[in-house]
Protein chains: 2
Amino acid sequence: MKIIHSDDNRLHFPQGELFGGELVTPFERPSRVEYILRRLKEVGLTDISAPEALDRAPVEKIHDAGYLDFLATCWDEWVSEGMKGEMIAASWPARRMVQKRPRNIDGKLGYYALAGETAITAGTWAAAQASCAVAQTAQRIVAGGARTAFALCRPPGHHAALDMYGGYCFLNNAAIAAQMFLDQGAGRVAVLDVDFHHGNGTQDIFYDRSDVLFCSLHGAPEDAFPYFLGYADETGAGAGEGFNLNLPMAPATPYSVWAEALETALARIRDYGPDAVIVSLGVDTFKEDPISFFRLESADFTDYGARIAGLGMPTLFVMEGGYAIDDIGVNTVNVLQGFLDA
Amino acid sequence: MKIIHSDDNRLHFPQGELFGGELVTPFERPSRVEYILRRLKEVGLTDISAPEALDRAPVEKIHDAGYLDFLATCWDEWVSEGMKGEMIAASWPARRMVQKRPRNIDGKLGYYALAGETAITAGTWAAAQASCAVAQTAQRIVAGGARTAFALCRPPGHHAALDMYGGYCFLNNAAIAAQMFLDQGAGRVAVLDVDFHHGNGTQDIFYDRSDVLFCSLHGAPEDAFPYFLGYADETGAGAGEGFNLNLPMAPATPYSVWAEALETALARIRDYGPDAVIVSLGVDTFKEDPISFFRLESADFTDYGARIAGLGMPTLFVMEGGYAIDDIGVNTVNVLQGFLDA
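Just so we're clear, the structure is a prediction, and the values are computed from it rather than from any experiment. (Residues numbered from 1 in each chain as written. Chains lettered and ligands numbered in written order. Predicted model: local features only at pLDDT ≥ 70, side-chain atom pairs only at ≥ 80, totals over all residues. Heavy atoms only, no water.)

## Observations regarding the overall build of chain A
Turning to step 1, where the next piece is worked out: When helices and strands are tallied, chain A shows 10 helices and 10 strands.
Turning to step 2, where the next piece is worked out: Along the first, second and third principal axes, the C-alpha set of chain A runs to 55 × 45 × 40 Å.
Turning to step 3, where the next piece is worked out: For chain A, with 342 residues in total, the buried portion stands at 64%.
Turning to step 4, where the next piece is worked out: Look at the contacts in chain A between residues 6 or more apart in sequence, and 77% of them connect residues 24 or more apart.
Turning to step 5, where the next piece is worked out: Surface accessibility of chain A: about 10,800 Å² in total, with carbon and sulfur atoms responsible for 49%. (Helix = DSSP H or I, 4+ residues; strand = E, 2+ residues; numbered from the N terminus. Buried < 20%, exposed > 50% of the residue type's maximum accessible area, 1.4 Å probe, protein only. Contact = heavy atoms within 4.5 Å. Areas by Shrake-Rupley, 256 points an atom, 1.4 Å probe, with all protein chains shown as cover.)

## Some thoughts on helix α10 (residues 325-341) of chain A
Turning to step 1, where the next piece is worked out: Over its 17 residues, α10 of chain A runs 25 Å from end to end, which matches the ideal 24 Å to within 8%, given 1.5 Å per residue.
Turning to step 2, where the next piece is worked out: Of all the residues in α10 of chain A, the buried ones are I325, I328, G329, N331, T332, V333, N334, V335, L336, G338 and F339 of chain A. (Expected span 1.5 Å × (residues − 1).)

## Examining the confidence of the model for chain A
Turning to step 1, where the next piece is worked out: Looking at chain A as a whole, the pLDDT averages 98, with 100% of positions reaching at least 70.
Turning to step 2, where the next piece is worked out: Scored as a whole, the predicted complex attains pTM 0.97, and scored at its interfaces, ipTM 0.97. (pLDDT = per-residue confidence, 0-100.)

## A few points about the nonpolar core
Nonpolar side chains in soluble globular proteins generally cluster together in the buried interior.
Turning to step 1, where the next piece is worked out: Ranked by internal contacts, the top residues of the largest apolar core, which has 123 residues, are I278 of chain A together with I278 of chain B.
Turning to step 2, where the next piece is worked out: In contact with I278 of chain A, not counting residues within four places along its chain, are A174, A177, A178, F181, V189, A190, V191, L192, L316 and V318 of chain A. (Core = buried A, V, L, I, M, F, W, Y, C linked by side-chain atoms within 4.5 Å.)

## Side note on the pattern of salt bridges
Turning to step 1, where the next piece is worked out: All chains considered together, the criterion is met by 40 salt bridges over all chains.
Turning to step 2, where the next piece is worked out: Across the pair D233 of chain A and K100 of chain B runs a salt bridge whose closest N-O atoms are separated by 3.8 Å. Of this pair, D233 of chain A sits in the loop between β7 (212-219) and β8 (244-249) while K100 of chain B sits in the loop between α3 (65-80) and α4 (105-111), which puts the two residues in different chains.
Turning to step 3, where the next piece is worked out: With relative accessibility at 32%, the residue K100 of chain B sits in the partly exposed group.
Turning to step 4, where the next piece is worked out: Each of R95 and R96 of chain A together with D163 and D204 of chain B takes part in salt bridges that share partners, so that together they form one network. (Salt bridge = Lys/Arg side-chain N within 4 Å of Asp/Glu carboxyl O.)

## Points about the interface of chain A and chain B
Turning to step 1, where the next piece is worked out: In this complex, chain A contributes 53 residues to the contact, which on the side of chain B involves 53 residues.
Turning to step 2, where the next piece is worked out: On the chain A side of the contact with chain B, W92, R95 and F228 of chain A bury the most area, a combined 21% of that side's loss.
Turning to step 3, where the next piece is worked out: For D163 of chain B, the salt bridge identified is with R95 of chain A, shortest N-O distance 3.2 Å.
Turning to step 4, where the next piece is worked out: Here chain A and chain B share 28 residue pairs in polar contact (both at pLDDT 80 or more) between them.
Turning to step 5, where the next piece is worked out: By residue number, the principal contributor to the side of chain A that touches chain B is helix α4 (residues 105-111) of chain A, which donates 4 residues.
Turning to step 6, where the next piece is worked out: A breakdown of the residues in the side of chain A that touches chain B according to their chemical character gives 28 nonpolar, 10 polar and 15 charged. (Buried area = accessible area lost by both parts, 1.4 Å probe. Polar contact = N/O pair within 3.5 Å; in protein donor to acceptor, adjacent residues only side chain to side chain. Nonpolar A, V, L, I, M, F, W, Y, C, P; charged D, E, K, R; others polar.)

## Regarding the packing of helix α5 (residues 124-143) of chain B against helix α6 (residues 173-183) of chain B
Residue and element names in this part refer to chain B.
Turning to step 1, where the next piece is worked out: Following both chains from N to C, one finds α5 and α6 inclined at 35°, their axes separated by 9 Å at the closest point. The hand of the α5/α6 crossing is right-handed. From α5, S131, C132, A135, Q136, Q139, R140, V142 and A143 reach across to α6, where they touch N173, I176, A177, M180 and F181.
Turning to step 2, where the next piece is worked out: Of the residues belonging to the contact of α5 with α6, the class tally is 8 nonpolar, 4 polar and 1 charged. (Axes fitted to C-alpha atoms, helices over the stretch in contact; angles between N-to-C directions. Left-handed = near helix turned anticlockwise from the far one by under 90°.)

## Describing the sheet that holds strand β6 (residues 189-193) of chain A
All names here are of chain A.
Turning to step 1, where the next piece is worked out: On the basis of which strands lie adjacent, the open sheet formed by 8 strands has the order β4-β1-β5-β10-β9-β6-β7-β8 and parallel pairing. Every interior strand has two partners, whereas the edge strands, β4 (48-49) and β8, have only one.
Turning to step 2, where the next piece is worked out: Pairing analysis gives 2 bridges linking strand β1 (residues 2-4) to β4, with the strands arranged parallel. Among the inter-strand pairings, I3 is bridged to a residue of β4, identified as I48.
Turning to step 3, where the next piece is worked out: Those strands touched by helix α6 (residues 173-183) are β6, β7, β9 (276-281) and β10 (315-319), and its axis lies near 170° from that of β9.
Turning to step 4, where the next piece is worked out: Across the sheet, helix α8 (residues 255-272) touches β6, β7, β8 and β9, and the angle it forms with β7 is around 175°. (Pairing = 2+ DSSP bridges.)

## Comments concerning the packing of aromatic side chains
Turning to step 1, where the next piece is worked out: All told, the structure shown has 35 aromatic pairs over all chains when counted by the stated rule.
Turning to step 2, where the next piece is worked out: A centroid spacing of 4.8 Å and a plane angle of 35° characterise the contact between F70 of chain A and Y112 of chain A, whose relative ring orientation is tilted. Taken together, the positions of F70 of chain A in helix α3 (residues 65-80) and Y112 of chain A in the loop between α4 and α5 (124-143) put the pair 42 residues apart, joining distant regions of the chain. Neither F70 of chain A nor Y112 of chain A differs from the other in exposure class; each is buried.
Turning to step 3, where the next piece is worked out: For the ring pair W258 of chain B and Y304 of chain B, a centre distance of 4.7 Å and an interplane angle of 45° mean the geometry is tilted. With W258 of chain B in helix α8 (residues 255-272) and Y304 of chain B in helix α9 (residues 298-309), this residue pair connects regions lying 46 residues apart in the sequence. The burial state of W258 of chain B is the same as that of Y304 of chain B; both residues are buried.
Turning to step 4, where the next piece is worked out: Through pairs of rings, three or more aromatic residues link up here, namely Y255, W258, F286, F301 and Y304 of chain A.
Turning to step 5, where the next piece is worked out: Geometry around Y35 of chain B places R38 of chain B over its ring, the cationic atom sitting 5.1 Å from the centre.
Turning to step 6, where the next piece is worked out: Positioned over the ring face of Y111 of chain A is R95 of chain B, at 4.0 Å from the centre of the ring. (Phe/Tyr/Trp six-rings, centres within 6.5 Å; stacked < 30°, edge-to-face > 60°. Lys NZ or Arg CZ within 6 Å of the ring centre and 35° of its normal.)

## Re the state of the cysteines
Residues and elements named next belong to chain A.
Turning to step 1, where the next piece is worked out: By the definition in use, this model includes 0 disulfides over all chains.
Turning to step 2, where the next piece is worked out: C132 forms no disulfide, and the closest cysteine sulfur to it belongs to C153, at a distance of 7.7 Å.
Turning to step 3, where the next piece is worked out: The exposure class of C132 is buried, given its relative accessible area of 0%. (Disulfide = S-S within 2.5 Å.)

## Some remarks on the pairing of β9 of chain A
Residues and elements named next belong to chain A.
Turning to step 1, where the next piece is worked out: By the criterion of burial, β9 is predominantly enclosed, with 6 of the 6 residues buried.
Turning to step 2, where the next piece is worked out: Residues of β9 alternate between two faces, with A276, I278 and S280 on one and V277, V279 and L281 on the opposite face, all of them buried.
Turning to step 3, where the next piece is worked out: Examined bridge by bridge, β6 and β9 share 5 bridges and lie parallel to one another. Pairing of L192 across the sheet is with V279, part of β9.
Turning to step 4, where the next piece is worked out: Here 5 bridges tie β9 to β10, and the two strands are oriented parallel to one another.

Have a look at this one:
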């Protein structure tokens, strides 16, 4: 199995994450990648390489041009305004306010943010682009005929919407990879999001399209971030009606229940008949995850990797979340091994 | 001139305000009130008393019931969830997300917030209610026949919307006072908001009503908080069409320009013919204000107090913002003296 990884992920490591009213060391940190790499090597998955250069074209098909310009220039603008900290949004266009982009950098920050836990730093844009290049390179491997590949992306991507960052995400790596499959000739692509958190960004991007099926298993929005998307009645709009499947689950959901939801999603994907499957792979469904509430055991990750393999479809794994760092390596690699050994 | 003030304002003093990506000592702090009180006494305005008990009825006419329940209970819920810091919203229902209130306290916090600089603490609800009682008590003095009264409110109110807090505001004191004038028999009330920041909350509350005229002079939303409301083309909706007047102004606006805008607002108020005028009095238009960008000198505050007096209408002053603490006393009291001496 080919694995793509970039050391440039380390360029993004904010000092602070706004959590519980305090600025704490971010749960989403570079060591997550180090633990996954260590475990990959332990089990002999050592075909690891660096990404090719970023292809901007599919990025520009997925994200708003103004948003991309903002990500590329915001840090310099922030510093030149004399701001001393990292960039954290402190106001936003709330209910009944207007959706116009301000001129002021603090206002623009709020305009392009969907959450405030995620700080932008000097190295964020470089790291986000490197992460996207990781996904793109792995996508080409699967598009080239491989059964699977693993994009060890960091920062993750599934919360990044058309024109908003948040939830640790800036560029939607999975969505960009889906667009590449389509641009290369695929008729249909499925994105299966098994991260604990709803993939609001991916849903947002493909909500009115039928060429990408989005299926997400996640903590119910009443109880879990991102709170304001991910309900079961969000089924798509316009041409996309019926091509968005949300499977929200309650606190303390055990694997037996989660696996049933997975089978529902897999059945929907089989029915859809995509040319490729992209798995938004977050392992924060683990019982010890510090910011999540499902109850999966490490062995369950192996089991569901095998179930995904049962689709018999070209499958690209794209790394998303997972914050129980001591176990992130085992749990992530268990999914890959379950898939490979099936 | 009767002045109403409550020491309970001190119950709200967060340790941190999210500003420039850092948690700093809040610009909106109890000493603001102390400096105003000192100056009032210096000039002989010593008819200062405590507020009567809060009347909930008008509060419930202005704010959403779920929002008021949230303010009353959120701190206990936050603490019982094990959160260690003060309450600062870290996610919110952004563009194209759903406006459903989550069950989780962190989600509810984002649902009811329009900005993240404002922390909720153990004493916030008590202080907000005391501040509202200050406005209510001063309102009754004007309704009872006095030419004017000064509600030395803290925390301020004009950013608080129907169902959202933010910008240091929780209950919209000016809006609640306006509702009281109407409930007591007034046909029309005007709110003149001279705070540097747009009174987005007051606009939100009365946007579809013709019984309250809202006029606001403020920093242009392209450049100034709250960024996402306050454009000149926001003129009201439905029955409220034509009863909302926004006068946004550019960075470095001097008093000569500001005073012209004031005359535009005063002419509109004269034309409207209200039974009472409520002045949302923020003195952050001062040239030294640390978070604002107009260029008023201290003497200008006296001048515009006199211009407001020229309306010849019963006038309730309700304190809003102003963060140049060394000068907040002089500037605030200059407005009152300008009014009284006219």
